[in-house]
Amino acid sequence: MTEIELIKGLKQHNESAIEEIMDKYSPYVTTVISNVSRGSLSTADIEEAAADVFFALWNNAENIREGYLCGYLAAIAKSKAHDKLRKTVQHGKLLDLEDVVLADEYSIQDNLDQQVMQKDIRDALDLFGEPDREIIIRYYYYYQTSPEISGLLGLNNETVKSKIKRARTKLKAFFTERGYHYENK
């Protein structure tokens, strides 16, 4: 089946469509999860996170647009990998530094900088209540347009645009206070 056919089948909750998607995209999803975890998750944890990705895909099939299946899977896989990593840390299953395999192109300092930035992003998102937080996540992480978001959340499109604009101002101030430099391009 083509991607268009797979998405149509998925939206109709056709089990053969999800099975084919799993067969076709499982290697991709597990690679994304492995890359995000950088060796911090066991094979069983990676497989569980991948299963969670396809479960989320099945439950949110109506949100997938043609031509975006791969990107949608990657976004979900990154999220599930981070969830699994958080749960691992919360349950005291920290690995020794020797057990963590860092990609060659990343130095330990780059890895630490990225972790600090990710924490700052989570902290920035905590500044917002609902539905603002969901709007920001949908707009910046899932690349949904303001009309799509307004339709999904049952809000006026102009309200969504206004919330995005106010959020940008608030986020700019938040990150400027933390030493990030903003370039208007």
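Residues numbered from 1 in each chain as written. Predicted model: local features only at pLDDT ≥ 70, side-chain atom pairs only at ≥ 80, totals over all residues. Heavy atoms only, no water.

K.L.:
Just to check I follow, could you spell out the overall build of the protein chain for this structure?
P.N.:
Within the protein chain, the secondary structure is distributed over 8 helices and 0 strands. Written out in order from the N terminus, the α and β elements of the protein chain read α-α-α-α-α-α-α-α. Split by element, the accessible area of the protein chain, about 11800 Å² in all, is 52% carbon and sulfur. (Helix = DSSP H or I, 4+ residues; strand = E, 2+ residues; numbered from the N terminus. Areas by Shrake-Rupley, 256 points an atom, 1.4 Å probe, with all protein chains shown as cover.)

K.L.:
I'm lost on helix 1 (residues 3-11) in this one. Help?
P.N.:
Helical geometry: 3.6 residues make up each α-helical turn, so side chains three or four residues apart lie on a common side. Turning to helix 1, its buried residues number three or more, namely Leu-6, Ile-7, Gly-9 and Leu-10. An end-on view of helix 1 places all buried positions within 160° of arc, on one side of the element. Phi for His-13, located one or two positions after helix 1, is positive at around 55°. (Buried < 20%, exposed > 50% of the residue type's maximum accessible area, 1.4 Å probe, protein only. Arc of directions from axis to C-beta.)

K.L.:
When you look at the nonpolar core in this model, what are you seeing that I'm missing?
P.N.:
A general feature of soluble globular proteins is that nonpolar side chains tend to end up buried together. Counting residues in each nonpolar core, the largest one holds 26 residues, and the members touching the most others are Ile-21, Val-29, Ile-33, Leu-57, Leu-69 and Leu-73. For this core, the secondary-structure elements that each account for two or more residues are helix 1, helix 2 (15-37), helix 3 (43-59) and helix 4 (69-90). With near-sequence residues (within four places) excluded, Ile-21 lies in contact with Leu-6, Leu-10, Ser-26, Phe-54, Leu-57 and Leu-69. (Core = buried A, V, L, I, M, F, W, Y, C linked by side-chain atoms within 4.5 Å. Contact = heavy atoms within 4.5 Å.)

K.L.:
Where do I start with unusual backbone geometry in this structure?
P.N.:
Where the residue is not glycine, phi is negative for most of them; where a peptide bond is considered, it is trans in most cases. Here the bond from Glu-130 into Pro-131 is cis, since omega is 5°, no more than 30 degrees from zero. Here the phi dihedral of His-13 falls at roughly 55°; this positive angle occurs in a residue that is not glycine.

K.L.:
What exactly am I supposed to notice about the packing of aromatic side chains here?
P.N.:
Aromatic ring pairs: the centre-centre distance and the angle between the two ring planes describe each pair. Per the stated rule, a full pass over the model turns up 1 aromatic pair. Between Lys-170 and the ring centre of Phe-128, over which it is positioned, the NZ or CZ distance is 4.9 Å. (Phe/Tyr/Trp six-rings, centres within 6.5 Å; stacked < 30°, edge-to-face > 60°. Lys NZ or Arg CZ within 6 Å of the ring centre and 35° of its normal.)

K.L.:
How should I be thinking about the environment of Glu-5 in this particular structure?
P.N.:
Tracing the backbone shows Glu-5 in helix 1. Between the C-alpha atom of Glu-5 and that of Glu-66, which follows or precedes it by 61 residues, the distance is 9.4 Å.

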